[in-house]
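# Chains, contacts and geometry: an overview
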Amino acid sequence: MADEPWGLTAAEVAERMARGDVNADVDVKTRSVGQIVRENVCTLFNAINVILAAFVLLTGSYKNMLFMIVIVCNVVIGIVQEIRSKITTDRLSIVAGSHATVIRDGARTQVALHDIVRDDVVVLGRGDQVPADAVVVSGEADVNESLLTGESNLIKKASGAELMSGSFVNAGTVCARVVHVGHENYAAKISAEAKQHKKVNSEIMNSLNGIIKFVSCVIFPVGALLFARMFFSGEEVALNQAILSTVAALVGMIPEGLILLTSTVLAVAVVRLAKSKVLVQQLYCIETLARVDTLCLDKTGTITTGAMEVAAVVPDTRPNSTWRWPRSPRRTTTRTRRRRPSPRTMLRAPPCARSRPCARCRSPPIRSGRARPSKAVPTSWVPAGS
């Protein structure tokens, strides 16, 4: 390019790197594996069952600890699903490139995206993705911003126009000066919003938690009364037998089967959605999806891919079908174009009295002693109420 800028010098680049004005990877990461494991293990439901299992363990009757299988299965289902969604979500990235061409000290050079600094001049050609928010300083290009805005139309960018990170250059070549780096970029804000962990407001989960809280308030006083009745009643019941009987009664008060069944059903729904390439971050998001009755789509590109395909061809099998192919419009020039009279005018127009065929009403001339032949008006031309 003839008017190619000089770009930053090595000293200016070092100064900006020292200031922290670097296009570093500051993507918001999802919860760590440790946080996921901790949130699924450290629950009130698990705590109650672990306490009961500890009493059974003191008796040495390990075969009576089979109820912990339900707890382990429930925990494993939650952990595996959330780790799978974490891995998929961490891979979400709008800017997919790894290198960019910048101008420094008047020469073009290839640098990594995380080495771009503020006020760097990047060279973008056909097929290049904008690595950071920038302003065009020279050149012209057609930019595709459908990945960010959903608009499939190309946008003309000239000197002074803004380029958003994540958009693609479809045609032309421009030199642009970087104005935003790191988390300031438009694409980084979108990625951070998509990866942000939001608490699910699930009625099923809230109901189950309410049941567990109620059971936790009742189960231990009831357990103490049952143990005292059996051990101190004078029936000479052994300590281990009293503990096992009490734990067996308390385990029946906990809805373990309901919780395991709920987790299993939601896990099956997640697997089915995964086959359709739908990402589910949490199990209880399925309940929210089930309550959706209206889905609003914002043009093509925001939710859909913009590539429509024919799913099926349905022939017209109705008997006596009156459907016909529409007639192609006649070509008219300025000289021959005439305004068609309205249906009401055609019905009320007086008969033509000329001796020659009239081009306006397209009727034959009226001759002496003969009535003017009538011409039926199509029903589609008759106005409503006539």
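Described below are features of the structure shown in this document. These numbers were taken from a predicted model, which means no experiment stands behind them.

### Focus: the overall build of the chain
Across its full length, the chain holds 11 helices and 7 strands. Looking at the chain residue by residue over its 386 residues, the buried ones come to 30%. Across the chain, contacts joining residues at least 24 apart in sequence account for 68% of those joining residues at least 6 apart. Carbon and sulfur atoms make up 58% of the accessible area of the chain, which totals about 26,100 Å².

### Regarding the packing of helix α3 (residues 44-59) against helix α7 (residues 203-231)
In the contact formed by α3 and α7, the axes pass within 10 Å of each other and the chain directions differ by 25°. On the basis of their axis angle, the class for α3 and α7 is roughly parallel. Classified by chirality, the crossing of α7 by α3 is left-handed. Note on element contacts: α7 touches α3 through I212, K213, S216, I219 and F220, opposite L44, F45, I48, I51 and L52.

### Focus on the environment of A53
Position of A53 relative to the elements: it lies in helix α3. Residue class for A53 comes out buried when judged on its relative accessible area of 6%. The spatial distance from the C-alpha of A53 to the C-alpha of V247 is 8.3 Å, given a sequence separation of 194 residues. Filtering out sequence-adjacent residues up to four positions away, A53 remains in contact with M65, F67 and M68.

### Some words on the pattern of salt bridges
Two side chains that carry opposite charge are able to pair once their charged atoms sit near each other. Under the definition given, this model contains 8 salt bridges. The salt bridge involving E15 is made with R19; its shortest N-O contact spans 3.3 Å. You can see E15 and its partner R19 sitting in helix α1 (residues 10-19), 4 residues apart, about one turn around the helix. Residue classification places E15 among the partly exposed positions, given a relative accessible area of 44%.

Calculation criteria
- Residues numbered from 1 in each chain as written.
- Predicted model: local features only at pLDDT ≥ 70, side-chain atom pairs only at ≥ 80, totals over all residues.
- Heavy atoms only, no water.
- Helix = DSSP H or I, 4+ residues; strand = E, 2+ residues; numbered from the N terminus.
- Buried < 20%, exposed > 50% of the residue type's maximum accessible area, 1.4 Å probe, protein only.
- Contact = heavy atoms within 4.5 Å.
- Areas by Shrake-Rupley, 256 points an atom, 1.4 Å probe, with all protein chains shown as cover.
- Axes fitted to C-alpha atoms, helices over the stretch in contact; angles between N-to-C directions.
- Parallel < 35°, antiparallel > 145°, perpendicular 65-115°, else oblique.
- Left-handed = near helix turned anticlockwise from the far one by under 90°.
- Salt bridge = Lys/Arg side-chain N within 4 Å of Asp/Glu carboxyl O.

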